[in-house]
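Read off the chains here:
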Protein chains: 2
Amino acid sequence: MDIGKQYYPAMRISQLSAESGVPIPTIKYYLREGLLPQGDQTSATRAEYDQEHLRRLRLIRALLEVGRLPVAAIRQVIAAVDDERIDFHDMLGTAHYALSTPVEPHPEDEDWREARELVDRMIADLGWGVHPLAPTRNELAQTVVTLKRLGMPTSQEDLLPYASAAHDLVRDLDITKIPFDGPRDVAVETLVICEVLYGKAFDVLRRLAQESESTRILDVTPCSDDGASKVTRQGAHRDA
Amino acid sequence: MDIGKQYYPAMRISQLSAESGVPIPTIKYYLREGLLPQGDQTSATRAEYDQEHLRRLRLIRALLEVGRLPVAAIRQVIAAVDDERIDFHDMLGTAHYALSTPVEPHPEDEDWREARELVDRMIADLGWGVHPLAPTRNELAQTVVTLKRLGMPTSQEDLLPYASAAHDLVRDLDITKIPFDGPRDVAVETLVICEVLYGKAFDVLRRLAQESESTRILDVTPCSDDGASKVTRQGAHRDA
DNA sequence: ATCCATCGATAGCTTTACTATCCAATTATT
DNA sequence: AATAATTGGATAGTAAAGCTATCGATGGAT
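Rules behind the numbers
Residues numbered from 1 in each chain as written. Chains lettered and ligands numbered in written order. Predicted model: local features only at pLDDT ≥ 70, side-chain atom pairs only at ≥ 80, totals over all residues. Heavy atoms only, no water. Near = heavy atom within 4 Å. Polar contact = N/O pair within 3.5 Å; in protein donor to acceptor, adjacent residues only side chain to side chain. Helix = DSSP H or I, 4+ residues; strand = E, 2+ residues; numbered from the N terminus. Nonpolar A, V, L, I, M, F, W, Y, C, P; charged D, E, K, R; others polar. Contact = heavy atoms within 4.5 Å. Buried area = accessible area lost by both parts, 1.4 Å probe. Salt bridge = Lys/Arg side-chain N within 4 Å of Asp/Glu carboxyl O. Phe/Tyr/Trp six-rings, centres within 6.5 Å; stacked < 30°, edge-to-face > 60°. Buried < 20%, exposed > 50% of the residue type's maximum accessible area, 1.4 Å probe, protein only. Axes fitted to C-alpha atoms, helices over the stretch in contact; angles between N-to-C directions. Parallel < 35°, antiparallel > 145°, perpendicular 65-115°, else oblique. Least-squares fit on C-alpha atoms with pLDDT ≥ 70 in both.

## Observations regarding the protein's contact with DNA strand C
Part 1: As a matter of local geometry, DNA strand C sits amid 26 residues, with Arg32, Ser43 and Leu64 of chain A together with Ser14 and Ala47 of chain B nearest to it.
Part 2: Among the atoms of DNA strand C lying within 4 Å of the protein, the sugar-phosphate backbone contributes 72%.
Part 3: At a separation of 2.9 Å, a phosphate oxygen of DNA strand C approaches a polar side-chain atom of Ser43 of chain A.
Part 4: One of the backbone nitrogen or oxygen atoms of Val71 of chain A is found 3.2 Å away from a phosphate oxygen of DNA strand C.
Part 5: At the level of elements, helix H2 (24–33) and helix H3 (51–66) of chain A together with helix H1 (13–20), helix H2 (24–32) and strand S2 (46–48) of chain B are the ones that each hand at least two residues to the surface near DNA strand C.
Part 6: Here the surface near DNA strand C takes five residues from H2 of chain A, the largest share from any one element.
Part 7: Of the residues contributing to the surface near DNA strand C, the split by class is twelve nonpolar, six polar and eight charged.

## Let's talk about the interface of chain A and chain B
Part 1: Contact with chain A, which involves 100 residues of that partner, is made by 100 residues of chain B.
Part 2: Interface of chain A and chain B: buried area, both sides summed, is about 10400 Å²; carbon and sulfur atoms make up 68% of it.
Part 3: Between chain A and chain B we count six salt bridges in total.
Part 4: The partner of Glu139 of chain A in a salt bridge is Lys200 of chain B, and the shortest N-O contact between them spans 2.8 Å.
Part 5: Across the chain A-chain B interface, the total number found is 29 residue pairs in polar contact (both at pLDDT 80 or more).
Part 6: Of all the secondary structure elements, the ones that give two or more residues to the side of chain A that touches chain B are H3, helix H4 (71–82), helix H5 (88–98), helix H6 (110–126), helix H7 (135–149), helix H8 (156–172), helix H9 (184–217) and helix H10 (229–234) of chain A.
Part 7: No other element matches the 24 residues that H9 of chain A contributes to the side of chain A that touches chain B.
Part 8: Its residues placed into classes, the side of chain A that touches chain B shows 56 nonpolar, 24 polar and 20 charged.

## A closer look at the packing of aromatic side chains
Part 1: Going through the model one piece at a time under the given rule, you end up with five aromatic pairs over all chains.
Part 2: A ring pair is formed by Tyr198 of chain A and Tyr162 of chain B, whose centres lie 5.3 Å apart and whose planes are at 25°; its orientation type is stacked. Here the residue Tyr198 of chain A occupies a position in helix H9, and Tyr162 of chain B occupies one in helix H8 (residues 156–172), the pair thus bridging two chains. One exposure class covers both Tyr198 of chain A and Tyr162 of chain B, and it is buried.
Part 3: Seen from their ring centres, Phe202 of chain A and Phe202 of chain B are 4.4 Å apart, and the 15° between their planes marks the pair as stacked.

## Section: the packing of helix H4 (residues 71–82) of chain B against helix H5 (residues 88–98) of chain B
All names here are of chain B.
Part 1: One can describe the packing of H4 onto H5 by two numbers: an axis separation of 9 Å at closest approach and a directional angle of 180°. Between H4 and H5, the angle is such that the two are roughly antiparallel. For the pair H4 and H5, contact is made by Ala73, Gln76, Val77, Ala80 and Val81 and by Met91, Thr94, Ala95 and Ala98, respectively.
Part 2: Its residues assigned to classes, the contact of H4 with H5 comprises seven nonpolar, two polar and no charged.

## Some points on the relation of the copies chain A and chain B
Part 1: Expressed as a screw transformation, the operator carrying chain A onto chain B has a rotation angle of 180° and an axial translation of 0.0 Å, and the superposed copies differ by an RMSD of 0.0 Å. Such values leave the two copies arranged in the relation of a two-fold axis. Among all C-alpha atoms of chain A, that of Ala165 of chain A lies closest to the rotation axis, at 3.4 Å.

## Details of the pattern of salt bridges
Part 1: Tallied over the entire structure, the rule returns 36 salt bridges over all chains.
Part 2: For the salt bridge of Asp174 of chain A with Arg206 of chain B, the shortest nitrogen-to-oxygen distance reads 2.5 Å. In this pair, Asp174 of chain A is assigned in the loop between H8 and H9 and Arg206 of chain B in helix H9 (residues 184–217), connecting two distinct chains.
Part 3: Given the relative accessible area of 0%, Asp174 of chain A is considered buried.
Part 4: Assessed through its relative accessible area of 3%, Arg206 of chain B is described here as buried.
Part 5: Two residues, Asp120 of chain B and Arg137 of chain B, come together in a salt bridge whose shortest N-O distance is 2.8 Å. Of this pair, Asp120 of chain B sits in helix H6 (residues 110–126) while Arg137 of chain B sits in helix H7 (residues 135–149), placing them 17 residues apart in sequence.
Part 6: Linked by salt bridges that have partners in common, Asp109, Asp111, Glu114, Lys148 and Arg149 of chain A make up one network.

So, in C-alpha cells, the structure goes:
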C-alpha cells in the first residue's frame with residue numbers, strides 16, 4: 001500500500017458528503033466534471049475517498065461560493081496541476097489566467113486601443129514581469145474603457161496608487177504564503193486560495209471602508225444604534 | 001417642457017440600441033425589469049429616450065459585465081435612488097449593501113461565531129463607522145471561516161494590513177471622487193461606479209502583481225518573449 | 001394608402017450548476 | 001441464504017438568470 005497515504009482514513013462517498021456538507025449527487029457531478037479525482041476503486045460498486053478528496057471538495061466549494069468562479073475555470077486549474085508535462089511556472093500561469101474573466105480585445109476601437117496602451121505602458125513603467133499575452137491585460141483595459149464610457153476617464157496617474165498598493169500587499173503578504181518549494185498541488189492551491197479568498201477579503205474590506213468613510217463625511221452618528229432602521233427598513237440584502 | 005432636459009436630444013428605442021450596442025429586446029427587458037426608466041411616452045406606440053437613458057444603460061451593462069452584479073441588485077440600487085423618501089445617507093447604505101453578496105449567518109457554528117467576532121472586533125479597533133447590521137460583516141466572516149476550513153487560519157493581525165491598505169485607498173482616492181453635495185442620482189451612481197469598477201481594477205492589478213512576483217521568485221526570464229508558449233500552449237483562457 | 005417602427009405581452013431559449021431517477025452490482029445484515 | 005442497503009455509472013430532469021423571439025395592435029412617416 002501507499003505509505004504516503006497511510007494517515008488518510010478511507011471513506012465512502014456518503015461519508016465524504018457528510019463531512020463536507022455537499023450532497024452526494026453533487027459530488028458525483030464534480031467527479032464527472034473532473035473537478036474531483038476519482039476515488040480508489042476497490043470493486044465495481046465501491047470506491048474509497050480520503051482526506052485529499054475532502055480537502056479538494058472544500059477548495060471547490062470555496063472557489064464556487066466565495067470566489068464565484070465558474071466550474072470550467074476550476075477544472076482548468078485542476079487540469080494544469082494534474083498535467084505533469086506542464087512546468088511549475090507555466091502551471092501557476094495557467095492558474096492565474098484561469099482566474100481572469102476572458103475579455104475579447106477590440107483593436108478596431110479607438111478607446112480600446114488607447115486603454116490597452118495605457119495598461120501596457122503602466123506595466124512596463126512599473127517594471128512588472130507580466131506576460132505580454134496575459135489575458136489580464138485585456139481585462140484591465142476593458143475596465144478602463146468602461147470607466148471612460150461612464151464619464152470617469154482614467155489615466156495612468158489615477159491607476160498608479162492602486163497598482164502600488166496592490167504590489168505592496170502581494171509582495172509583503174500574499175506571495176510569502178505560497179510554498180514555491182513544495183509540491184505542485186500545494187503551491188497552486190495556495191496561490192489560488194490567496195488570489196481568490198484574500199482577494200475577496202480585500203474587496204469586502206474596501207466596501208467596509210467605503211461605508212465608514214461616507215458615513216463620516218455625511219455627518220451622522222458614525223456607528224450608533226439609532227441607524228438600525230437603515231437595514232431593516234429597506235431590506236437591502238440582495239436576496240436573503 | 002422641462003428646461004432641464006432641453007439639451008438632451010430625444011431618441012427612439014432603435015437609436016438607443018444603436019448607440020449603446022444593446023439589442024432592442026434586451027432594452028425592453030431592462031424596461032420591464034425596472035432597471036431602465038420608461039421613456040417619455042408620446043403616444044401608444046411611441047416613447048422618447050434621452051441621454052439619461054443612454055447613460056443609465058451603460059451603467060447597467062458595466063455593472064452586469066464588469067461587476068457581474070445580478071439584475072436584482074442593480075434594481076435595488078435604482079429603486080433606492082428613485083425613492084425620494086429615503087434620505088441621502090440611507091440611500092448610499094442601500095447601494096452599498098446591494099453590492100454585497102448575501103451570506104446567511106450560522107450563529108450555531110463555533111467557527112462562524114469566532115470569525116464574526118474577529119470581524120466585529122477589528123472594525124471596532126479600527127474605529128470604522130460601519131453599521132452593526134451591515135451584511136458586509138457576515139460576508140467577511142464567511143470568508144474568514146472558509147480560509148480556516150482550507151487550512152489557512154486568519155487572525156486580525158493577518159487582516160489588518162489589508163484593512164489599512166483598503167482604508168488608505170478609499171480615503172485618498174475613491175471617496176474624493178464622490179460628489180456628496182450633488183444630486184442623489186449622480187452621487188449614488190458615482191459611488192457604485194467607484195466600488196464596482198475601481199474594485200475590479202484593483203482586483204486585476206492584484207492579479208497582475210501576483211503574476212509578476214511569482215515570475216520574479218521562480219527565477220525565469222521575467223517577461224521575455226520565449227514564454228509566449230505559456231498562453232497559447234495551454235489555452236488558459238476561461239472560455240474565449 | 002401603405003409601410004414600417006414601436007409598444008406591450010407572452011413565450012421560448014441558453015447556460016450554469018446542480019438534482020433526481022434507474023439499474024446492475026455488490027456488500028452488509030439477518 | 002435471503003434480503004435490504006449502498007454504490008457507481010448513466011441519463012434525464014430542474015431551477016434560476018439573463019436574455020431573445022414572436023405577435024398583434026397602433027400610429028406616425030412617405
